[in-house]
Amino acid sequence: MGIKNIATMKINQSLKNFALVFIVLDLCLVVYALVFNTPIWLLNTQVAFISSLFITIASFLSYRKNIQGRLSNLDLSKPLNGEDRDKVDEIDDPYDLYTEYEEIPESELTPEKIKEILNDEKAKVKKNSFKNTIFSATGFLSVYRVLGYGILIFGFFALNNNKLFLPVAFIIGLGIVPIGVLFSKLFDKK
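Reading guide: rules and limits
- Residues numbered from 1 in each chain as written.
- Predicted model: local features only at pLDDT ≥ 70, side-chain atom pairs only at ≥ 80, totals over all residues.
- Heavy atoms only, no water.
- Helix = DSSP H or I, 4+ residues; strand = E, 2+ residues; numbered from the N terminus.
- Buried < 20%, exposed > 50% of the residue type's maximum accessible area, 1.4 Å probe, protein only.
- Areas by Shrake-Rupley, 256 points an atom, 1.4 Å probe, with all protein chains shown as cover.
- Core = buried A, V, L, I, M, F, W, Y, C linked by side-chain atoms within 4.5 Å.
- Contact = heavy atoms within 4.5 Å.
- Phe/Tyr/Trp six-rings, centres within 6.5 Å; stacked < 30°, edge-to-face > 60°.
- Polar contact = N/O pair within 3.5 Å; in protein donor to acceptor, adjacent residues only side chain to side chain.
- Patch = residues over 30% accessible without salt bridge, like charges linked within 9 Å, V, L, I, M, F, W, Y side chains within 5 Å.
- Salt bridge = Lys/Arg side-chain N within 4 Å of Asp/Glu carboxyl O.
- Expected span 1.5 Å × (residues − 1).
- Arc of directions from axis to C-beta.

Here's the deal with the overall build of the protein
Next, step 1: Scanning the protein from terminus to terminus reveals six helices and zero strands.
Next, step 2: Across the protein, helices and strands are ordered from the amino to the carboxyl terminus as α-α-α-α-α-α.
Next, step 3: Expressed as a percentage of its 190 residues, the buried residues of the protein come to 21%.
Next, step 4: As presented, the protein carries roughly 14,800 Å² of accessible surface, and 67% of it is formed by carbon and sulfur atoms.

In structure tokens form, the structure reads like this:
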């Protein structure tokens, strides 16, 4: 069985765990709303929960697609840090985790040298942050994610304009997804 199949199985199992936790938390909230509160309270929680869940799923799918695209474009024949490495180094340390960097003696560190090092590092960070922003734009500008936020805003205004909006219930409905993620991660530790 390939690594890709194992990774897909692990993702599918994680998704099942997330879904189970979300369903259980939402059912608990539905029962609570039906027993102790009004149907309007239930409506607020469900509108918020569904839109929050849709946004979360859309974010997951768009970032997964983004990562898969980046991995498919990754050329493993080139060194990751731009230095030439021999085959033994590539086998022993494929991600270049154990490269030793030469330390500059303290006597050679003048204020000008420190400024030069800092400027070089800042330039690398700026280049990488712009590059990462461009590559991750598909993740945060996903059609599904924008649609999810549209549903959230539309649901809020629909409830508010019909004088059915209950802020506490709406916030509790929005909180189901983050709480569900927290619980599923706690239960996922094996």
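Section: the nonpolar core
Most often, soluble globular proteins keep nonpolar side chains buried together rather than apart.
Next, step 1: Formed by F22, L29, V30, A33, W41, L42, F49, L53, A169, I176 and V177, the largest nonpolar core amounts to eleven residues.
Next, step 2: Listing elements by their share of this core, those giving two or more residues are helix 1 (3-36), helix 2 (39-73) and helix 6 (167-188).
Next, step 3: Those residues in contact with L29 that sit more than four places away from it in its chain are W41, T45, I172 and I176.
Next, step 4: The next biggest cluster of nonpolar side chains, apart from the first, holds five residues, and it includes I55, L152, L159 and F170.

So, the environment of V181
Next, step 1: Secondary-structure assignment places V181 in helix 6.
Next, step 2: The spatial distance from the C-alpha of V181 to the C-alpha of N17 is 9.4 Å, given a sequence separation of 164 residues.
Next, step 3: In this structure, V181 is in contact with F18 and F22, ignoring residues within four places of it in sequence.

A closer look at the side chain of Q46
Next, step 1: Relative to the elements of secondary structure, Q46 occurs in helix 2.
Next, step 2: Here Q46 falls in the buried class, since its relative accessible area comes to 17%.
Next, step 3: Setting aside anything within four residues of it in sequence, one finds Q46 in contact with D26 and V30.

Digging into the packing of aromatic side chains
Next, step 1: Counting across every chain of the model gives six aromatic pairs.
Next, step 2: Taken together, a centroid distance of 4.8 Å and an interplanar angle of 85 degrees make the contact between F156 and F165 edge-to-face.
Next, step 3: Between the aromatic rings of F156 and F170, the centroid separation amounts to 6.2 Å while the plane-to-plane angle is 65 degrees, which identifies the pairing as edge-to-face. One end of the pair, F156, is in helix 5 (residues 143-161); the other, F170, is in helix 6, and 14 residues separate them in sequence.
Next, step 4: The class for F170 is buried, based on a relative accessible area of 6%.

Section: the side chain of N44
Next, step 1: Positionally, N44 belongs in helix 2.
Next, step 2: Among the polar contacts listed, one links the side chain of N44 to the backbone oxygen of I40, at a separation of 2.8 Å.

Details of unusual backbone geometry
Next, step 1: The phi dihedral of K163 falls on the positive side, at around 55 degrees, and the residue is not glycine.
Next, step 2: Tracing the backbone through its elements, the reader meets K163 in the loop between helix 5 and helix 6.

With respect to a nonpolar patch on the surface
Next, step 1: Taken together, the side chains of V31, Y32, L34, V35 and F36 define a hydrophobic patch exposed on the protein surface, amounting to about 540 Å² of accessible area.
Next, step 2: With respect to the helices, strands and loops of the structure, V35 is situated in helix 1.
Next, step 3: Among the residues examined, V35 registers a relative accessible area of 55% and is labelled exposed.

Remarks on helix 5
Next, step 1: With 19 residues, helix 5 should cover 27 Å at 1.5 Å per step; its first-to-last C-alpha distance of 26 Å lies within 8% of that length.
Next, step 2: When helix 5 is considered as a whole, its buried residues turn out to be R145, G148, L152, G155 and L159. Axial view of helix 5: buried residues confined to an arc of 80 degrees, hence all on one face. Relative to its buried face, helix 5 has exposed residues pointing more than 90 degrees away, namely V143, F154 and N161.

Scope: geometric values only; no functional claims are made or implied.
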